[in-house]
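Per-entry structural report
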Amino acid sequence: MYDGSGDLAEHISHFEIASGDTAHDESLLLKHFSASLSGVAFTWYTRLAPNSINSWADMVDAFHRRFYSVARKVTYMELAATKHMRGEPFETYLARWRI
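Numbers given to residues run from 1 along each chain, matching the order in which its sequence is written. In keeping with the predicted nature of the model, local features appear solely for residues at pLDDT of at least 70, side-chain atom pairs appear and are counted solely at 80 or more, and the whole-chain, interface and lining totals rest on all residues. Derived side-chain values reflect all non-hydrogen atoms in the structure, with water molecules and hydrogen atoms excluded from consideration.

1. Side note on the overall build of the protein chain
Strands here are runs of E lasting at least two residues and helices are runs of H or I lasting at least four, both read from the DSSP assignment and numbered beginning at the N terminus. Within the protein chain one finds six helices and zero strands. Taken from N to C terminus, the helices and strands of the protein chain fall in the order α-α-α-α-α-α. Exposure is judged per residue with a 1.4 Å probe applied to protein chains only, and the accessible area is read against the type maximum: over 50% gives exposed, under 20% gives buried, and values in between give partly exposed. Buried positions account for 27% of the 99 residues belonging to the protein chain. Contacts between residues were defined by any pair of non-hydrogen atoms, one from each residue, lying within 4.5 Å. In the protein chain, the proportion of contacts linking residues at least 24 apart, taken out of those at least 6 apart, comes to 56%.

2. A look at the packing of aromatic side chains
We call Phe, Tyr and Trp rings a pair once their centres come within 6.5 Å, taking the six-membered ring for Trp, and we label the pair stacked below 30 degrees between planes, edge-to-face above 60, and tilted otherwise. Here the structure, examined in full by the defined rule, presents nine aromatic pairs. Between Phe-15 and Trp-56 the ring centres are 5.6 Å apart and the planes differ by 35°, which places this aromatic pair in the tilted class. With Phe-15 in helix α1 (residues 8-18) and Trp-56 in helix α4 (residues 56-67), this pair connects stretches of sequence that are 41 residues apart. In this structure Phe-15 comes out as buried when scored by relative accessible area, which is 11%. Aromatic side chains Trp-44 and Phe-63 sit 5.9 Å apart centroid to centroid with 50° between the ring planes, which places their arrangement in the tilted category. Taken together, the residues Trp-44 in helix α3 (residues 39-46) and Phe-63 in helix α4 connect sequence positions 19 residues apart. By relative accessible area, which is 14% here, Trp-44 ends up buried. Put simply, the rings of Tyr-2, Phe-15, Phe-33, Trp-44, Trp-56, Phe-63 and Phe-67 touch in pairs and so form one group of aromatic residues.

In structure tokens, the structure reads:
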């Protein structure tokens, strides 16, 4: 399960390997991908715009764009200045600082 933290490339690889003989069928990969997600990642998936993903490559690209982050040091000042925005889900607020 991928929850928005950890190595997303590793998650994709594990998911494709676990799909076994069906890994060559993009429609099955797309159909079953949500079962490999939890937390913030599953919430992201459920909020994808209808018809925004047309292929497995589209899904992988969208997944990388959303969850890939270059590790950087977050300063105490940045953390102290960050506010939880009104109406923002706590998981989204928390995900901004997951590295």
